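Single-letter residue listing:
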Amino acid sequence: MIGTTMIPHSRPAIDRQEIRAVTDVLQSGHLAQGTVVERFERGMAAYFGVAGGVAINSGTMALEVALRVLGIGPGDEVVLPSYVCAAPWQAVQRVGAQACLVDIEPETFQISADAVRMAITSKTRAIIVPHLFGLPADLTALGQLGLPLIEDCAQTLGAMEHGRAVGSVGTLTVCSFYANKLLCAGEGGMVLSRDPALLERARALREYDGASSLNPLASNLKMTDLQAAIGLAQLERLPEFLERRVSLARRYREALAGTTAIVPTVPVGRSHVYYRFVVRLPQRGSGSSNLDECLGRLEGRGVQCRKPVFRSLHRYLGLDGFPASEAAEREALSLPLYPALTDDEATQVCLAMRDEWQHK
Ligand SMILES: Cc1ncc(COP(=O)(O)O)c(C=O)c1O
């Protein structure tokens, strides 16, 4: 790369508001979980329109808490997609249940409701539904399967599926506030629900002390007021963040018109908030090397791209029968798109994309 600075794949949008909020907490003398965490929980619950939220130290642990709250353990099965990060699978392992992996919808990358239907057995106790890349999964079809849904909103906030907001439908919803997320706090997570009894159970798992009896499953999963202060400041800016994402996605779509790259599919009834702008590469019959070469060329033009999922879970486990997940691994490429991206950087991304995928 000559003469240009690298545009990173992700960059948090941290401004005066976040810096002031953290400074206020530092000056307050109370850094651990306190009133700022409570305000963040109330703010997120209001955002989703649910009864409440329980702040947790990560999205991964929020998933584990959600499973425990539903009483899921040994002998139970939980359905989840293969094409997702390892966190949901690991949470299922930690509670001692069996993870049943299913394939995705080939065009949207979301968990396939048809595949879930086929995977359900008498032992199935829940479905983990990650809304990947900013697009809702097919909540309507999944909701008809009659099982508790754990909506994993780590990658999607504010998107709609047939008039319902993601995170407002499932029995439980989990969030991640990791540094590269739509709303970040450095690290952090949350479990949310319409059901106060489930929230009470989640709260009991978050702290080792203070209960009337010893709970062997309770732990220290607390978020600090420092993280919650960042989260609250980001929550206020979230509508503006999502607007910027959608407007950048519009620019990318225009830039890619007439090229060989396949832009994100948005099915009727769903809206997209573009946590990731994931294009599908035209296949040249050479497997994943096509994708790796493309990542290298874009990096050479100063645009850092990523495979949006590191590796499908079934491949770690040596399982077969996941053609859509495997196609996504071969063909999906995520471009830099986030509120902190400048207009000049977006122009550089557009030029690099057109150069890469124009008809040759
Ligand atoms: C879909 C999904 N679920 C869960 C997680 C785990 O969240 P965390 O990194 O906060 O543990 C992530 C990654 O951040 C994710 O993308």
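Residues numbered from 1 in each chain as written. Predicted model: local features only at pLDDT ≥ 70, side-chain atom pairs only at ≥ 80, totals over all residues.

A. A look at helix α1 (residues 16–28). With 13 residues, α1 should reach 18 Å at 1.5 Å per residue; the first-to-last C-alpha distance of 18 Å fits that figure. For α1, the secondary structure elements touched by its buried residues are α2 (35–48) and α8 (225–256). (Helix = DSSP H or I, 4+ residues; strand = E, 2+ residues; numbered from the N terminus. Expected span 1.5 Å × (residues − 1). Contact = placed C-beta atoms within 7 Å.)

B. Region of interest: unusual backbone geometry. Look at Phe133: it is not a glycine, yet its phi comes out positive at around 70°. Locating Phe133 in the fold gives a position in the loop between β4 (124–130) and α6 (139–143). Positive phi outside glycine occurs at Tyr274, with the angle close to 55°. Summarising the element assignment, Tyr274 is placed in the loop between α8 and β10 (277–280).

C. Up close: the nonpolar core. Grouped together as the largest cluster of nonpolar side chains are 115 residues, with contacts concentrated most on Ala66 and Val191. Here this core takes 13 residues from α8, the largest share from any one element. Counting residues domain by domain, this core receives three or more from each of domain 1 (16–234) and domain 2 (238–357). Apart from the residues within four sequence positions on either side, Val191 is in contact with Gly53, Val54, Ile56, Ala62, Val65, Ala66, Leu172, Val174 and Ala202. (Core = buried A, V, L, I, M, F, W, Y, C linked by C-beta atoms within 7 Å. Buried ≥ 20, exposed ≤ 12 C-beta atoms within 10 Å, placed from the backbone. Domains from an automatic or database assignment.)

D. Structural view of the environment of Leu182. Its location among the elements puts Leu182 in the loop between β8 (172–176) and β9 (189–193). Here Leu182 falls in the buried class, since 26 other C-beta atoms lie within 10 Å of it. The spacing of Leu182 and Ala159 is 23 residues in sequence and 12 Å in space, taken between C-alpha atoms. Apart from the residues lying within four places of it in its own chain, the contact partners of Leu182 are Leu157, Phe241, Val273 and Tyr275.

E. Focus on the site of the ligand. As a matter of local geometry, the ligand sits amid 14 residues, with Ser58, Gly59, Thr60, Ala154 and Ser176 nearest to it. Counting only elements with at least two residues in the shell around the ligand, the list comes to α3 (59–69) and α4 (87–94). When the residues that make up the shell around the ligand are grouped by side-chain class, the tally is seven nonpolar, six polar and one charged. (Near = placed C-beta within 6 Å. Nonpolar A, V, L, I, M, F, W, Y, C, P; charged D, E, K, R; others polar.)

F. Structural context of the sheet that holds strand β5 (residues 149–152). Sheet architecture is open: seven strands sit in the order β1-β9-β8-β5-β4-β2-β3, paired in mixed fashion. Where the open sheet ends on each side, the last strands, each with one partner, are β1 (52–56) and β3 (98–102). Across the sheet, the axes of successive neighbouring strands diverge by a mean angle of 20°, strand direction being ignored. Along the sheet, α3 contacts β1, β2 (77–81), β5, β8 and β9; its crossing angle with β8, the most-contacted strand, is approximately 165°. (Pairing = 2+ DSSP bridges. Axes fitted to C-alpha atoms, helices over the stretch in contact; angles between N-to-C directions.)

G. Representation of the domain arrangement of the chain in the model. The domain architecture assigned to the chain consists of domain 1 (16–234) and domain 2 (238–357). If you average the C-alpha positions of domain 1 and of domain 2, the two centres end up 25 Å apart. Each partner contributes residues to the interface: domain 1 has 29 residues there, and domain 2 has 29 residues. Of the residues that constitute the side of domain 1 that touches domain 2, the class distribution is 17 nonpolar, eight polar and four charged.

H. Molecular detail of the pairing of β10. Judged by which residues are buried, β10 turns out to be covered on both faces: Phe277 and Val279 on one side and Val278 and Arg280 on the other are all buried. Bridge analysis of β10 against strand β11 (residues 332–335) gives four bridges, and the strand direction is antiparallel. Bridge pairing in β11 links Val279 to Leu333.

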